[in-house]
Amino acid sequence: MRRPIEIAPSILPADFARLGQECTDLENAGVDRIHWDVMDGVFVPNITMGPDIVKSLRSHLTIPFEAHLMVVNADEFAPLFVEAGCSTVMVHAEACTHLHRSLNNIRNLGARAGVVLNPHTPACTIANVLEQTDHILIMTVNPGFGGQTYIRLLDKISETKAMVDAGSYEIDIEVDGGINADNIGECAAAGANVFVSGSALFRYDDRAAGVSELRACAEAARS
Ligand code: DX5
Ligand code: ZN
């Protein structure tokens, strides 16, 4: 079954002095979920937010939260972000010694289990955990910062989609990093259905128009 197109803004470009208003504006602009980029300064050379910040926003919005954990201790922090109100928690395959167990643990907590692949990590890495996976995040930048240049990985997206379809799995395929109106279509055509956009979306003065344009570009590429 074709998965719906979803726009998931990264919260990194937001004005953190007005984080609540920024999130509310995004929800009012029609985004489908909020993408929380969690960084520990070890897995990636940057530090962002913890579960308490995510939790403080939860009751102010109705749309789902997803946590992208760029942390070395993924198993330790995943439960904290489920508790903070994230309905999808994504761990990096590169950070999990026992990825099969990590994904099962997230599911056992009642959240959707997501696995993230850095640009260098092949799609076949997750071939044996698709049964335990609800969400696949394919990085189109090297993680750690917003505003980076998009890395074209269309074959990897297509290969991932083919694996998911071959097993008839109901799994979202998301791309993350440098996504904008110029490249979202090729990613959608290759098989992605969820799109993280940070700097590109925040560049629109009219955020609702930006969400609409990104969604239209993705939809057009799939028709
Ligand atoms: C990078 C993050 C991405 C990034 C997206 O480590 O995972 O979510 O912030 O921001 P843009 O769209 O600006 O690349
Ligand atoms: Zn991210």
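Rules behind the numbers
Residues numbered from 1 in each chain as written. Chains lettered and ligands numbered in written order. Predicted model: local features only at pLDDT ≥ 70, side-chain atom pairs only at ≥ 80, totals over all residues. Heavy atoms only, no water. Helix = DSSP H or I, 4+ residues; strand = E, 2+ residues; numbered from the N terminus. Rg over C-alpha atoms; globule rule 2.2 N^0.38 Å. Buried < 20%, exposed > 50% of the residue type's maximum accessible area, 1.4 Å probe, protein only. Contact = heavy atoms within 4.5 Å. Near = heavy atom within 4 Å. Polar contact = N/O pair within 3.5 Å; in protein donor to acceptor, adjacent residues only side chain to side chain. Arc of directions from axis to C-beta. Donors = N, O, S within 2.8 Å, 3.2 Å for Na, K, Ca; no water. Tetrahedral: all angles 85-135°; square planar, octahedral: opposite > 155°, others 65-115°.

> Help me understand the overall build of the protein, please; the structure alone is not making it clear to me.
For the protein, the helix and strand inventory stands at eight helices and eight strands. Taking 223 residues into account, the globule formula puts the C-alpha radius of gyration at 17 Å, and the protein, at 16 Å, falls close to it. Dimensions of the protein, computed from C-alpha atoms along their principal axes, come out at roughly 45 × 40 × 30 Å. Looking at the 223 residues of the protein, the share that counts as buried comes to 53%. Put simply, of all contacts in the protein between residues at least 6 apart along the chain, 65% involve residues at least 24 apart.

> Teacher, can you tell me more about the site of ligand 1 here?
Residues in close proximity to ligand 1 total 20 residues, the closest being Asp37, Gly144, Asp176, Gly198 and Ser199. Between ligand 1 and the protein, one listed contact pairs an oxygen atom with a side-chain N or O atom of serine 10 at 3.3 Å. Here an oxygen atom of ligand 1 and a side-chain polar atom of histidine 68 are 3.1 Å apart. Taken together, the elements giving at least two residues each to the shell around ligand 1 come down to strand 2 (34-39), strand 3 (65-70) and strand 8 (194-197). Counting residues per element, the shell around ligand 1 draws most heavily on strand 2, at three residues.

> When you look at unusual backbone geometry in this model, what are you seeing that I'm missing?
Trans is the prevailing form of peptide bonds, just as negative phi is the prevailing case for residues other than glycine. In this structure, serine 168 is a non-glycine residue whose phi angle is positive, near 50°. The topology assignment puts serine 168 in the loop between helix 5 (154-166) and strand 7 (172-176). For serine 168, a relative accessible area of 61% translates into the label exposed.

> Would you take a moment to explain helix 4 (residues 99-108) for this structure?
Each full turn of the α-helix corresponds to 3.6 residues, which orients residues three or four apart in the same direction. Within helix 4 the residues assigned to the buried category are Leu99, Ser102, Leu103 and Ile106. Relative to the axis of helix 4, the buried residues are bounded by an arc of 95° and lie together on one face. For helix 4, the exposed residues set more than 90 degrees away from the buried face come down to Arg101 and Asn108. Where helix 4 is buried, its residues contact helix 3 (74-83), strand 4 (86-92) and strand 5 (112-117).

> Just checking my understanding: could you explain helix 2 (residues 51-58) for this structure?
Those residues of helix 2 that sit buried are Pro51, Val54, Leu57 and Arg58. One face of helix 2 carries all of its buried residues, which in axial projection span an arc of 125°. Elements in contact with the buried residues of helix 2: helix 1 (19-28), strand 2, strand 3, helix 3 and strand 4.

> Would you mind going over the coordination of the zinc ion (ligand 2) with me for this structure?
Tetrahedral coordination by four donors places them ideally at 109.5 degrees to one another around the metal; octahedral coordination by six donors ideally gives 90 or 180 degrees. Around the zinc ion (ligand 2), the protein supplies His35 (NE2), Asp37 (OD), His68 (ND1) and Asp176 (OD) as donor atoms, at distances of 2.1 to 2.3 Å. Coordination at the zinc ion (ligand 2) is octahedral, judged from the six donor atoms that bind it and the angles of 72 to 175° they form at the metal. Here the donor residues for the zinc ion (ligand 2) map to a single chain with the spacing H-x1-D-x30-H-x107-D. A residue pair is termed long-range when its members are at least 10 positions apart, and aspartate 37 in strand 2 and aspartate 176 in strand 7 qualify at 139 residues. Here the two residues aspartate 37 and aspartate 176 agree in accessibility, since each one is buried.

Interpretation note: all reported values are geometric properties and have no functional meaning in isolation.
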